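One-letter residues, chain by chain:
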Amino acid sequence: MEKQLERIGLVYHPDYNMDLGPHVFPARKYQMVYNLVKQDPKLADLYVHKPDPAKEKELALVHTREFLKDFFSLKLTERTQYSELPLTKQIVQSFVLAVGGTILSMELTKKYRFVYHIGGGFHHSMPDRAEGFCYLNDAAIAGKLFLKENPGKKVLFIDLDLHQGNGNSIVFQNEPNVFTFSMHQENLYPKKERSGMDIALDEGTDDKKYHDLLEGSLEKIHSSFQPDLIFYIAGADPFEGDSLGDLKLTFQGLRKRDKIVRDFALRVDAPVVILPAGGYAKDFHDTVTIHYNTIKVFAAD
């Protein structure tokens with residue numbers, strides 16, 4: 001790095017907390033993660049940056065005009081219906097803000113080595129359609145904007161959500177300056193796309209096997225690809241208590257996962273945008289704790 005970066009910055013907006021009723025996606029988790037940060041004496045003084053909504057021209061870096069028209073018009077069509085979410089003004093506002101938050105997080109990597117966005121990671125959204133609780137692909141949009149503003153620079157996506165980051169895989173499939181790496185449960189949603197590297201996990205994968213595969217994969221990537229920016233999709237759903245998956249990572253295993261990514265980023269000297277993505281623990285508070293633990297890992301010296 002040309003200058004000394006501060007350790008970690010946070011990005012958050014209270015309007016991320018969509019009212020979805022009894023929906024399986026726990027949108028209220030963002031407020032609860034934020035509350036835990038503010039109650040933690042080691043984190044409470046961290047400055048929390050508040051984003052503006054993304055501009056439509058930024059959304060158009062990834063999404064088609066037809067999809068965005070349906071989205072903003074609140075129309076349930078073949079382009080929007082597979083989100084599996086309602087389509088309301090509040091939800092539109094929340095997603096557009098979340099994209100703004102990931103863009104701001106990307107920009108803040110000029111100041112911070114790590115930026116944790118308490119929101120975002122909607123990695124299933126495609127250019128022309130919504131999928132899997134994801135209307136707008138915030139990380140893909142921020143990645144495209146980074147490439148536009150920094151010609152020749154390289155971006156690495158480390159996607160450790162339970163589900164493959166199929167949206168990012170599609171968006172960047174023919175982009176030589178982007179490497180998409182996804183490590184996910186194989187026999188599970190979504191329909192798999194081709195990433196730069198895919199590690200398909202069997203049901204029951206435990207901490208040790210997961211960590212060995214992750215460390216080996218990152219070493220292989222590092223041997224041929226030097227990123228200038230990393231997007232880390234830090235899903236909470238590989239957890240052994242998740243209601244949608246069958247991986248068996250413990251709280252301690254997930255913390256070590258985060259440390260492996262943190263130490264890799266320090267080794268390759270690339271700043272990281274960290275996004276919470278999914279998490280559907282049977283005990284909702286476990287999902288919140290896992291996201292909060294990720295912040296603690298990246299804030300630690």
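Residues numbered from 1 in each chain as written. Predicted model: local features only at pLDDT ≥ 70, side-chain atom pairs only at ≥ 80, totals over all residues. Heavy atoms only, no water.

### Concerning helix 1 (residues 29-39)
- The complete set of buried residues in helix 1 reads Lys29, Tyr30, Val33 and Val37. Relative to the axis of helix 1, the buried residues are bounded by an arc of 105° and lie together on one face.
- Tucked into the core, helix 1 has its buried residues touching strand 1 (6-11) and helix 9 (284-299). (Buried < 20%, exposed > 50% of the residue type's maximum accessible area, 1.4 Å probe, protein only. Helix = DSSP H or I, 4+ residues; strand = E, 2+ residues; numbered from the N terminus. Arc of directions from axis to C-beta. Contact = heavy atoms within 4.5 Å.)

### Focus: the packing of aromatic side chains
- Applying the stated rule across the entire model yields 18 aromatic pairs.
- For the pair Phe71 and Tyr135, a centre-to-centre distance of 5.3 Å together with 45° between the ring planes defines the contact as tilted. Note that Phe71 is positioned in helix 3 (residues 65-72) and Tyr135 in the loop between strand 3 (112-117) and helix 5 (138-149), a separation of 64 residues in sequence.
- Taking 5.0 Å as the distance between ring centres and 80° as the angle between the ring planes, the aromatic pair formed by Phe114 and Phe298 counts as edge-to-face. Of the two residues, Phe114 is situated in strand 3 and Phe298 in helix 9; the sequence distance between them amounts to 184 residues. Residues Phe114 and Phe298 agree in their burial class; the two are buried. (Phe/Tyr/Trp six-rings, centres within 6.5 Å; stacked < 30°, edge-to-face > 60°.)

### Remarks on the pattern of salt bridges
- This model, assessed by the stated rule, comprises 11 salt bridges.
- In this structure, the salt-bridge partner of Lys208 is Asp212, at a minimum N-O distance of 2.7 Å. Of the two residues, Lys208 and Asp212 are both situated in helix 7 (residues 207-224); the distance of four residues between them amounts to about one turn of the helix.
- The partly exposed category is assigned to Asp212, whose relative accessible area is 41%.
- Linking Arg257 and Asp258 is a salt bridge whose minimum nitrogen-to-oxygen distance equals 3.2 Å. Both residues of the pair, Arg257 and Asp258, belong to the buried class. (Salt bridge = Lys/Arg side-chain N within 4 Å of Asp/Glu carboxyl O.)

### Some points on the UniProt feature "domain: Histone deacetylase" (unreviewed entry) in the protein
- Per the UniProt entry, the sites bearing "domain: Histone deacetylase" (unreviewed entry) are residues 23-283 in this numbering.
- As annotated, residues 23-283 has a helix share of 37% and a strand share of 13%, and its two end C-alpha atoms lie 14 Å apart. (UniProt positions renumbered as here; feature names shortened; annotations may be inferred.)

### Describing the pairing of strand 4 (residues 155-159)
- Counting buried residues along strand 4, five of its five residues qualify, which places the element largely inside the surrounding structure.
- Going residue by residue along strand 4, you find Val155, Phe157 and Asp159 tucked away on one face and Leu156 and Ile158 tucked away on the opposite face as well.
- Bridging between strand 4 and strand 5 (residues 178-185) involves five bridges; their strand directions are parallel. What sits directly across from Leu156, in strand 5, is Phe179.
- Following the chain from strand 4 across helix 6 (residues 166-171) to the adjacent parallel strand 5, one finds a crossover that is right-handed. (Pairing = 2+ DSSP bridges. Right-handed = clockwise from strand over helix to strand, strands pointing away.)

### Some details on the packing of helix 1 against helix 9
- Across the interface, helix 1 lies against helix 9 with an axial gap of 9 Å and an inter-helix angle of 50°. One finds that helix 1 runs oblique with respect to helix 9. When you trace helix 1 past helix 9, the crossing you get is right-handed. In this structure, helix 1 uses Lys29, Met32, Val33, Leu36 and Val37 to contact helix 9, whose residues at the interface are Phe284, His285, Thr287, Val288, His291, Tyr292 and Ile295.
- Class assignment of the residues belonging to the contact of helix 1 with helix 9 gives a composition of eight nonpolar, three polar and one charged. (Axes fitted to C-alpha atoms, helices over the stretch in contact; angles between N-to-C directions. Parallel < 35°, antiparallel > 145°, perpendicular 65-115°, else oblique. Left-handed = near helix turned anticlockwise from the far one by under 90°. Nonpolar A, V, L, I, M, F, W, Y, C, P; charged D, E, K, R; others polar.)

### Thoughts on the layout of surface pockets
- In this structure, the second largest pocket encloses a volume near 220 Å³.
- Within the lining of the second largest pocket, the residues separate by chemical class into nine nonpolar, seven polar and three charged. (1 Å grid on protein atoms, 1.4 Å probe; cavity = no way out; pocket = protein on both sides within 12 Å on 5 of 7 lines; lining within 4 Å. Points joined across faces, edges and corners; volume = space filled by probe spheres on them.)

### Brief notes about the environment of Leu87
- Structurally, Leu87 is set in the loop between helix 3 and helix 4 (89-108).
- Each C-alpha atom of the pair Leu87 and Thr64 lies 18 Å from the other, and the pair is 23 residues apart in sequence.
- In contact with Leu87, other than residues within four places in its own chain, are Asp70, Phe71, Leu74, Lys75, Leu76, Thr80, Val92 and Tyr135.

### What to know about a negative patch on the surface
- Among the surface-exposed residues, Glu186, Asp202, Glu203 and Asp246 lie close enough to one another that they form a single negatively charged patch.
- In this structure, Glu186 sits in the loop between strand 5 and strand 6 (197-201).
- By relative accessible area, Glu186 is classed as partly exposed at 33%. (Patch = residues over 30% accessible without salt bridge, like charges linked within 9 Å, V, L, I, M, F, W, Y side chains within 5 Å. Areas by Shrake-Rupley, 256 points an atom, 1.4 Å probe, with all protein chains shown as cover. Lys, Arg positive; Asp, Glu negative; His and termini not counted. Charge placed at Lys NZ, Arg CZ, Asp CG, Glu CD.)

### Points about the packing of helix 8 (residues 251-268) against helix 9
- The N-to-C vectors of helix 8 and helix 9 enclose an angle of 35°; their axes lie 9 Å apart at closest approach. Taken as a pair, helix 8 and helix 9 cross one another with a handedness that is right-handed. In contact with Phe251, Leu254, Arg255, Arg257, Asp258, Lys259, Val261 and Arg262 of helix 8, helix 9 contributes Asp286, Thr289, Ile290, Asn293, Thr294, Val297 and Phe298.
- Of the residues belonging to the contact of helix 8 with helix 9, the class tally is six nonpolar, three polar and six charged.

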